[in-house]
Amino acid sequence: MTRNVRGPLSAALGSALLASALLAACGGGGGDSDSPARPAVTLSPISAPSDMTSGTSSALTVTVTVNDTSVFNGQTTIYTYVVDDKAVIESTVDLTPATATTYVATLRTRRDLNPGRYTGTFQVRLCKDAACNAQLPGSPMTLPYDFVINPGSFAVVVDRSTDVTVHQGAKAAPQGDIGVSGMLPLSGPWSATTDKAWLRVSPAAGTGPFSATLSVDPSALPIGSHSALLTAKTADGRIGLRTVTVQVLPAAFVFSAANGAAFTAINGAVIPPQAIQIDLNNGSGAGSYWQAASSENWLRLSPATGNAPAIVTLTPDPGPGRLASGDYTARVDFSSPALAASASIPVTLKLVPATFKSSQSSPLLGGIIGHFNNTSTTTLSLNTGLSRWPFTITGLPSWLSAPASGQVSSTGTDVTFSFNPETAPLGTTSTGVQITAQVNGDTHTITLPVVVKNDERRLVPQRAGIGLASTPLGQVLSRTIRVAPSFGDAVPWTASSDAAWLSASQVGDQLTVTADPAALPSDAISYANVTLSSTTPRIVPATVRIALWKGTTAATAQSISGAYKRVVADPIRPWIYANKQGDSIDVINAHTGVIVTTVTIPQTSLDAMAVSPDGGRLYVQEPVNKRFAVLRLPDFSVLGRVPQRRVDEVPTQLTVGRPAGVEVLYAGRDAYRVTDAEPNGFALGAINTEPVAVSLDGYHLAGLGTTVPWLEYSIVGNGGMLFAPSTGGLGVGAASGSVQDVAYSLDGTLLYSASSGGSFGGYRCAISQNRDAGVYAGDLAGGSAYPNNVEVGSNGRVICGVTAGTTFDFWVHNDAGALLQGYKAAGASRSLLARQLVISADGGVVVAATDDPKLAIVPIGY
């Protein structure tokens, strides 16, 4: 078997190219050849280096001289073949120009040649074609060779770096074992050794290609740099060397959280712990003892000692140091006998202030109007989870009660406030109560305004005034009324009269007054006062004013001529007040028909009037002046004038009520409080209806289209307040026409109404249940066309008057609604004026203004 080496060669002066190749086929190439006297190309002897060693490829050089360039004429490529029948050279030839006519050919020995001497000849053929079918003159040529391959070294190849870095005490290299192998496919036996005990090779001997594993055991090495040499030898004497270097560093702690631990938490809440894993970085820390210490007492470690590797739990606890909210730092120091140096990790703690809250911004005691001895509960909370913290309550006045201390967390703690209405200030009082929670080093304070509304408690008689009479018409010498505390609860009370002719007795909540007129003057009004009082603290007493008319003349039907437009009756005296919308008021005795006096208010015109329920004041509207004159009764002196709150509205009615026993003037949609101390009054606010009738107890109002089913007076407002939660419809069956007049039954449970269209039952006055949203309940039996007046007398009798009466102008019914009798007041084809029919205080005489015009006085008896 021969090897053919082929290679290109450029001819001298660029006239031709020579390609050379190593013949690979047995026997080489063939073809014709020309044999000139002188070869076109000559070859110098082979030059071989003297230090050729096994395992490496060495260069063999030959000088190629072009003797005759003419042979290359027309030949662009010359092919040269080197026949290597002993396979000692590589398969390529390098040709490099040296001069214009010489080239250096470089052949390389095979690197797997075994040591020894190699001799022989190469046959060199110069061919005109690649198949060497035709050769140039002088071809073939013989090229002898003679060289020696010495036993030499071989390269040891590694699969990873042989520079190893470990920490003191490590038992092995971090990257594991190192694989080594021979660079050439060696054959025959080999052996391998190391010059240091910490470097081991396995296997130490073998046959065939060299391949082994190096293991590093640095456990006994001191800190510093260490080297060991691997020597591999073949049977033919070749040597492979490799150096392994180990750098031993001091051992140290390693932590799973190299940057330490950071905590952020609400101060006072349980802070979740964090776990830090510790170990020694020499890889052999198992069993190595360590200990740790915290630099601050708020940081707990668990465990504080142990053997590596281990997990240390860090738990912040602000409690021992009573830490306030803010930022804190600590350090955990670790040490071990196995290490030359200790290590530390930083710990940070950010404490955020807790939030201390009350479910109520301002607890209210006493209710909206101050009538209830209730409690108020607020829930305190602190967003510290289940951790409970102490709180204290300070700033409580003697009449306000609450727990002095307790504990609070996020689950909430109820704190209940209560008050003593007998010692608490009257009116509205706001007390700033301090609730302080101590959370570690933080102090949280809530200033909680506790509002206490405490109204005056009063005895409220059903009537503030009672009118009695003793005349030839009949006698009314006794009345029974109900007395109730303003809060509705039961309290003991007593009654006493300041006049010998009047006695007062009590049975349960009923007050009965009885008069003995025998010693009283005739044709005169006698007065008495009954004082109601209670032994219960802070119950404001009440006074019932009584007037008795003792007359010697029986009342008769009569009239007073004049265009009277407004008529009201005094609630205790037999007086009727009537005006013609001028500047004067006629005061008429209903029993005698005599004008007792005329009261003049100069430089004004007068309109609607009302009398206080106890007969103490007469209120008169001055529409032009936008005010209401307040006259004291019975002397008619002007006490003051109440300015009209809404100057753009003209009230059509004035009424006076006593909710909770306090006198209130209603004018249009506004309410006013008038007292002797403040006779010019002050506005209490709007009531959303224009009252025409007020129940005797003062708690119900009715207009011509709406009602106020319940209202209350309280001093808890600024100067007093009216509380009217809602309004309702009349619901009196007045669908046939507009309502002209309304009146309450004595107990306030029924509301009567007169409609221009009558009621569901015809042209009669309707009955509705006031406290049941004005539900229609029936009709009064008497009536005819177009009812326009309805009144209830002091004895409970109900009168219904009409616009166009024929036989009768009004009808009298008992308190059950049964018809008693009809009466005529106006002339033929004349009518009663709407809402201008009144009944005397004793209930025996009706006075009505008609469009005759006149003031009709009609006795109806008792």
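What comes next is a walk through the structure. (Residues numbered from 1 in each chain as written. Predicted model: local features only at pLDDT ≥ 70, side-chain atom pairs only at ≥ 80, totals over all residues. Heavy atoms only, no water.)

## Some details on the state of the cysteines
- Inspection of every chain in the model, using the stated rule, returns two disulfides.
- Each sulfur of the disulfide joining Cys127 and Cys132 lies 1.7 Å from the other. The sign of the S-S torsion, about -55 degrees, decides the handedness of the disulfide formed by Cys127 and Cys132: left-handed. The same class applies to Cys127 as to Cys132, namely buried. (Disulfide = S-S within 2.5 Å. Buried < 20%, exposed > 50% of the residue type's maximum accessible area, 1.4 Å probe, protein only.)

## Considering the sheet that holds strand S40 (residues 465-471)
- Reading across from one edge, S41-S40-S48-S46-S43 is the order of the five strands in this open sheet, with mixed pairing throughout. Edge positions in the sheet fall to strand S41 (474-476) and strand S43 (494-497), since each of these pairs with one other strand and no more. Neighbour-to-neighbour, the strand axes of the sheet open up by a mean angle of 25 degrees, direction not taken into account.
- Where strand S46 (residues 524-533) lies against strand S48 (residues 542-550), nine bridges are found, and the strand directions are antiparallel. Counterpart to Tyr527 in the pairing with S48 is Ala547. (Pairing = 2+ DSSP bridges. Helix = DSSP H or I, 4+ residues; strand = E, 2+ residues; numbered from the N terminus. Axes fitted to C-alpha atoms, helices over the stretch in contact; angles between N-to-C directions.)

## Focus: the pairing of strand S73 (residues 798-802)
- Burial of S73 is extensive: five of the five residues sit out of reach of the surface.
- Side chains Val798, Cys800 and Val802 of S73 all project onto a buried face; the interleaved residues Ile799 and Gly801 project onto the opposite face, where all are buried too.
- Two elements, strand S72 (residues 787-792) and S73, share five bridges in a ladder whose sense is antiparallel. Each bridged residue has a counterpart across the sheet, and for Asn789 the counterpart in S73 is Gly801.

## Re the pattern of salt bridges
- One pass over the structure, following the stated rule, counts 23 salt bridges.
- Among the salt bridges present, the one from Lys350 reaches Asp327, with a minimum N-O distance of 3.4 Å. Taken together, the residues Lys350 in strand S29 (residues 343-352) and Asp327 in strand S28 (residues 326-335) connect sequence positions 23 residues apart.
- Through salt bridges that share partners, Arg617, Arg658, Glu663 and Asp676 make up one connected network. (Salt bridge = Lys/Arg side-chain N within 4 Å of Asp/Glu carboxyl O.)

## As for the side chain of Ser612
- Along the chain, the position of Ser612 falls in the loop between strand S54 (609-611) and strand S55 (617-622).
- Here Gly616 takes part through its backbone nitrogen, which lies 3.0 Å from a polar atom of the side chain of Ser612.
- A polar side-chain atom of Ser612 sits 2.8 Å from the main-chain amide nitrogen of Arg617.
- Setting aside residues up to four positions removed in sequence, Ser612 forms contacts with Pro571, Arg617, Tyr619, Val656 and Glu663. (Polar contact = N/O pair within 3.5 Å; in protein donor to acceptor, adjacent residues only side chain to side chain. Contact = heavy atoms within 4.5 Å.)

## A short note on the pairing of strand S36 (residues 413-419)
- Side chains Thr413, Val415, Phe417 and Phe419 project from S36 onto a buried face, and the interleaved Asp414, Thr416 and Ser418 project onto a face without burial.
- Pairing of strand S32 (residues 376-382) with S36, which is carried by five bridges, proceeds in the antiparallel orientation. The residue of S36 that forms the bridge with Thr379 is Asp414.
- Pairing geometry for strand S34 (residues 400-401) and S36, over two bridges, is antiparallel. The partner of Leu400 across the bridge, within S36, is Phe419.

## What about unusual backbone geometry?
- Note that the residue after Ser202, namely Pro203, is joined by a cis bond; omega there is -5 degrees.
- If you trace the backbone, Pro203 turns up in the loop between strand S16 (199-202) and strand S17 (205-207).
- The omega torsion across Ala308 and Pro309 is -5 degrees, close enough to zero to call that bond cis.
- With respect to the secondary-structure elements, Pro309 resides in the loop between strand S26 (305-307) and strand S27 (310-316).
- With a phi angle near 65 degrees, Gln581 is a residue other than glycine that sits in the positive phi range.
- Structurally, Gln581 is set in the loop between strand S51 (575-579) and strand S52 (584-589).

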